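# A closer look at the structure
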Amino acid sequence: MKKYKSFVLVVAVLMLSGCGGKGPQLPSRHLGSDAEPDSATVALMEFNYQMAQAADKELLKMALESEEPYAQYQGSAWALIIDKGDENAGAPKRNEKCVVHVRTYTLAGKLLTDEEKSWNIGHFELPLAIDANIIEWNHGAHVRILSPWYAAYGLKGTENVPPYENVIFEVEIR
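Cut-offs applied
- Per-chain numbering applies: the sequence of each chain, read as written, is numbered from 1 onward.
- With pLDDT at 70 or above as the cut-off, local features in this predicted model cover only qualifying residues; side-chain atom pairs require 80 or more to be listed or tallied, and sums for whole chains, interfaces and linings still use all residues.
- Only hydrogens and water are set aside; all other atoms, that is, all heavy atoms of the structure, feed into the side-chain values.
- When a carboxyl oxygen of Asp or Glu is within 4 Å of a side-chain nitrogen of Lys or Arg, the pair counts as a salt bridge.
- Strands here mean DSSP runs of E at least two residues long; helices mean DSSP runs of H or I at least four residues long; both are numbered from the N terminus.
- Whether a residue is buried, partly exposed or exposed follows from its accessible area with a 1.4 Å probe, protein chains only, as a fraction of its type maximum: under 20%, in between, or over 50%, in that order.
- Paired rings are identified among Phe, Tyr and Trp, the last through its six-membered ring, by centres lying within 6.5 Å, and are further divided according to the angle between planes into stacked (under 30 degrees), edge-to-face (over 60) and tilted (the rest).
- Counted as over-ring charges are cases with an Arg CZ or a Lys NZ within 6 Å of the ring centre that also lie within 35 degrees of the ring normal.
- Any two residues whose heavy atoms approach within 4.5 Å at even a single point are treated as in contact.

Bringing the pattern of salt bridges into the picture now. Side chains that carry opposite charge are capable of pairing whenever their charged atoms lie near each other. Going through the model one piece at a time under the given rule, you end up with eight salt bridges. The salt bridge partner of aspartate 114 is arginine 103, with a shortest N-O separation of 3.8 Å. You can see aspartate 114 sitting in strand β4 (residues 111–120) and its partner arginine 103 sitting in strand β3 (residues 97–106), a full 11 residues away along the chain. The salt bridge partner of lysine 117 is glutamate 115, with a shortest N-O separation of 4.0 Å. Judged by relative accessible area, which is 36%, lysine 117 ranks as partly exposed. Its relative accessible area of 36% is what places glutamate 115 among the partly exposed residues. Three or more residues are tied together by salt bridges with common partners; here these are Arg103, Asp114, Glu116, Glu172 and Arg174.

A full pass over the atoms with the stated rule returns five aromatic pairs. Here the guanidinium or amino end of lysine 117 rests over the ring plane of tryptophan 119, the centre of that ring lying 4.5 Å away.

With respect to the secondary-structure elements, threonine 106 resides in strand β3. For threonine 106, a relative accessible area of 11% puts it in the buried group. The residues contacting threonine 106, other than those within four sequence positions of it, are Leu112, Glu165, Asn166 and Ile168.

So this is what it looks like as C-alpha coordinates:
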(Lines give C-alpha, C1' and ligand atoms only; values in the text may rest on other atoms or scores of the structure.)
Protein backbone atom coordinates (compact mmCIF):
# COMPACT_ATOMS: atom_id res chain seq x y z
CA MET A 1 0.00 0.00 0.00
CA LYS A 2 2.90 2.32 0.81
CA LYS A 3 4.40 1.68 -2.65
CA TYR A 4 1.05 2.52 -4.26
CA LYS A 5 0.81 5.88 -2.43
CA SER A 6 4.40 6.70 -3.39
CA PHE A 7 3.68 5.82 -7.01
CA VAL A 8 0.56 8.05 -7.11
CA LEU A 9 2.48 10.91 -5.50
CA VAL A 10 5.33 10.63 -8.05
CA VAL A 11 2.86 10.55 -10.98
CA ALA A 12 1.00 13.60 -9.62
CA VAL A 13 4.23 15.58 -9.19
CA LEU A 14 5.37 14.68 -12.72
CA MET A 15 2.02 15.70 -14.19
CA LEU A 16 1.99 19.03 -12.40
CA SER A 17 5.56 19.88 -13.27
CA GLY A 18 5.14 19.03 -16.98
CA CYS A 19 1.98 21.05 -17.59
CA GLY A 20 2.80 24.55 -16.61
CA GLY A 21 4.45 27.78 -17.36
CA LYS A 22 4.79 27.84 -21.15
CA GLY A 23 2.70 30.26 -23.19
CA PRO A 24 1.72 29.84 -26.83
CA GLN A 25 4.39 29.76 -29.50
CA LEU A 26 4.98 33.10 -31.21
CA PRO A 27 4.38 33.44 -34.95
CA SER A 28 7.40 32.72 -37.12
CA ARG A 29 7.50 36.20 -38.67
CA HIS A 30 8.32 39.26 -36.64
CA LEU A 31 5.42 41.06 -35.09
CA GLY A 32 4.57 44.37 -36.71
CA SER A 33 5.97 43.62 -40.16
CA ASP A 34 3.59 43.02 -43.03
CA ALA A 35 4.11 40.24 -45.53
CA GLU A 36 4.85 41.36 -49.07
CA PRO A 37 1.86 40.93 -51.39
CA ASP A 38 2.19 38.08 -53.86
CA SER A 39 2.59 39.92 -57.16
CA ALA A 40 1.25 36.98 -59.22
CA THR A 41 -1.93 36.83 -57.10
CA VAL A 42 -2.43 40.59 -57.32
CA ALA A 43 -1.96 40.48 -61.10
CA LEU A 44 -4.48 37.62 -61.42
CA MET A 45 -7.01 39.48 -59.28
CA GLU A 46 -6.63 42.59 -61.44
CA PHE A 47 -6.94 40.52 -64.63
CA ASN A 48 -10.10 38.79 -63.33
CA TYR A 49 -11.60 42.15 -62.39
CA GLN A 50 -10.94 43.52 -65.88
CA MET A 51 -12.37 40.37 -67.48
CA ALA A 52 -15.50 40.60 -65.31
CA GLN A 53 -15.99 44.25 -66.27
CA ALA A 54 -15.60 43.39 -69.96
CA ALA A 55 -18.07 40.49 -69.64
CA ASP A 56 -20.68 42.66 -67.94
CA LYS A 57 -20.31 45.31 -70.65
CA GLU A 58 -20.57 42.77 -73.48
CA LEU A 59 -23.67 41.09 -72.05
CA LEU A 60 -25.39 44.40 -71.27
CA LYS A 61 -24.87 45.48 -74.87
CA MET A 62 -26.15 42.14 -76.16
CA ALA A 63 -29.25 42.26 -73.92
CA LEU A 64 -30.08 45.87 -74.82
CA GLU A 65 -29.59 45.32 -78.55
CA SER A 66 -31.80 42.24 -78.59
CA GLU A 67 -35.27 42.53 -80.08
CA GLU A 68 -36.49 40.34 -77.22
CA PRO A 69 -36.96 41.71 -73.68
CA TYR A 70 -34.16 40.40 -71.45
CA ALA A 71 -34.29 41.14 -67.71
CA GLN A 72 -31.31 41.23 -65.36
CA TYR A 73 -31.12 38.53 -62.71
CA GLN A 74 -28.70 37.57 -59.94
CA GLY A 75 -25.11 36.82 -60.90
CA SER A 76 -25.17 39.58 -63.54
CA ALA A 77 -27.11 37.22 -65.79
CA TRP A 78 -29.67 38.40 -68.30
CA ALA A 79 -32.68 36.15 -68.88
CA LEU A 80 -35.39 35.89 -71.49
CA ILE A 81 -38.37 33.78 -70.52
CA ILE A 82 -39.39 31.93 -73.67
CA ASP A 83 -42.09 29.83 -71.98
CA LYS A 84 -43.37 30.54 -68.45
CA GLY A 85 -44.17 26.88 -67.86
CA ASP A 86 -46.88 25.55 -65.57
CA GLU A 87 -47.83 28.29 -63.11
CA ASN A 88 -49.86 25.76 -61.10
CA ALA A 89 -46.79 23.55 -60.61
CA GLY A 90 -44.82 26.46 -59.18
CA ALA A 91 -41.08 26.98 -59.12
CA PRO A 92 -38.42 24.51 -57.98
CA LYS A 93 -37.54 24.88 -54.31
CA ARG A 94 -34.16 24.80 -52.60
CA ASN A 95 -33.02 21.25 -51.80
CA GLU A 96 -35.48 19.86 -54.35
CA LYS A 97 -34.19 17.38 -56.91
CA CYS A 98 -35.28 18.64 -60.28
CA VAL A 99 -34.67 17.48 -63.84
CA VAL A 100 -33.20 20.34 -65.85
CA HIS A 101 -32.12 20.32 -69.48
CA VAL A 102 -29.21 22.72 -70.00
CA ARG A 103 -27.64 23.56 -73.34
CA THR A 104 -24.59 25.80 -73.28
CA TYR A 105 -23.67 27.93 -76.30
CA THR A 106 -20.97 30.46 -77.06
CA LEU A 107 -22.28 34.00 -77.63
CA ALA A 108 -21.81 33.30 -81.35
CA GLY A 109 -24.21 30.34 -81.09
CA LYS A 110 -21.85 27.33 -81.14
CA LEU A 111 -23.18 24.44 -78.99
CA LEU A 112 -20.69 23.55 -76.23
CA THR A 113 -22.69 21.21 -73.97
CA ASP A 114 -26.10 19.53 -73.92
CA GLU A 115 -27.03 17.86 -70.64
CA GLU A 116 -30.31 16.75 -69.10
CA LYS A 117 -30.24 15.27 -65.63
CA SER A 118 -31.53 15.56 -62.09
CA TRP A 119 -29.90 18.37 -60.09
CA ASN A 120 -30.12 19.38 -56.44
CA ILE A 121 -31.43 22.94 -56.49
CA GLY A 122 -29.50 25.37 -54.32
CA HIS A 123 -26.43 23.13 -53.96
CA PHE A 124 -24.39 24.86 -56.69
CA GLU A 125 -24.37 21.78 -58.89
CA LEU A 126 -25.63 23.99 -61.71
CA PRO A 127 -23.72 27.08 -62.85
CA LEU A 128 -24.42 30.09 -60.62
CA ALA A 129 -26.39 31.96 -63.29
CA ILE A 130 -28.88 29.07 -63.33
CA ASP A 131 -28.74 27.92 -59.71
CA ALA A 132 -29.28 31.40 -58.23
CA ASN A 133 -32.28 32.11 -60.44
CA ILE A 134 -34.05 28.82 -61.11
CA ILE A 135 -36.31 29.29 -58.08
CA GLU A 136 -37.83 32.27 -59.96
CA TRP A 137 -39.16 30.12 -62.83
CA ASN A 138 -41.92 27.50 -62.96
CA HIS A 139 -41.61 23.82 -63.74
CA GLY A 140 -41.95 23.52 -67.50
CA ALA A 141 -40.34 26.90 -68.11
CA HIS A 142 -37.91 27.49 -70.96
CA VAL A 143 -35.42 30.30 -70.29
CA ARG A 144 -32.49 31.71 -72.27
CA ILE A 145 -29.74 33.16 -70.06
CA LEU A 146 -26.86 35.38 -71.10
CA SER A 147 -24.22 34.56 -68.50
CA PRO A 148 -20.85 36.11 -67.76
CA TRP A 149 -17.96 33.69 -67.38
CA TYR A 150 -17.80 34.15 -63.60
CA ALA A 151 -21.42 33.00 -63.20
CA ALA A 152 -20.98 30.16 -65.70
CA TYR A 153 -17.84 28.02 -65.69
CA GLY A 154 -15.33 30.49 -64.30
CA LEU A 155 -11.68 31.04 -64.94
CA LYS A 156 -10.94 27.32 -65.30
CA GLY A 157 -13.76 26.35 -67.67
CA THR A 158 -14.57 22.69 -68.25
CA GLU A 159 -13.64 20.00 -70.71
CA ASN A 160 -16.07 21.55 -73.24
CA VAL A 161 -16.19 25.20 -72.17
CA PRO A 162 -13.04 27.34 -72.37
CA PRO A 163 -11.92 29.49 -69.42
CA TYR A 164 -13.42 33.01 -69.21
CA GLU A 165 -16.15 32.10 -71.71
CA ASN A 166 -19.33 34.18 -71.61
CA VAL A 167 -22.14 31.82 -72.57
CA ILE A 168 -25.78 31.46 -73.45
CA PHE A 169 -27.70 28.86 -71.46
CA GLU A 170 -30.91 27.37 -72.81
CA VAL A 171 -32.64 26.00 -69.72
CA GLU A 172 -35.76 23.83 -69.61
CA ILE A 173 -37.08 22.93 -66.17
CA ARG A 174 -38.91 19.59 -66.18
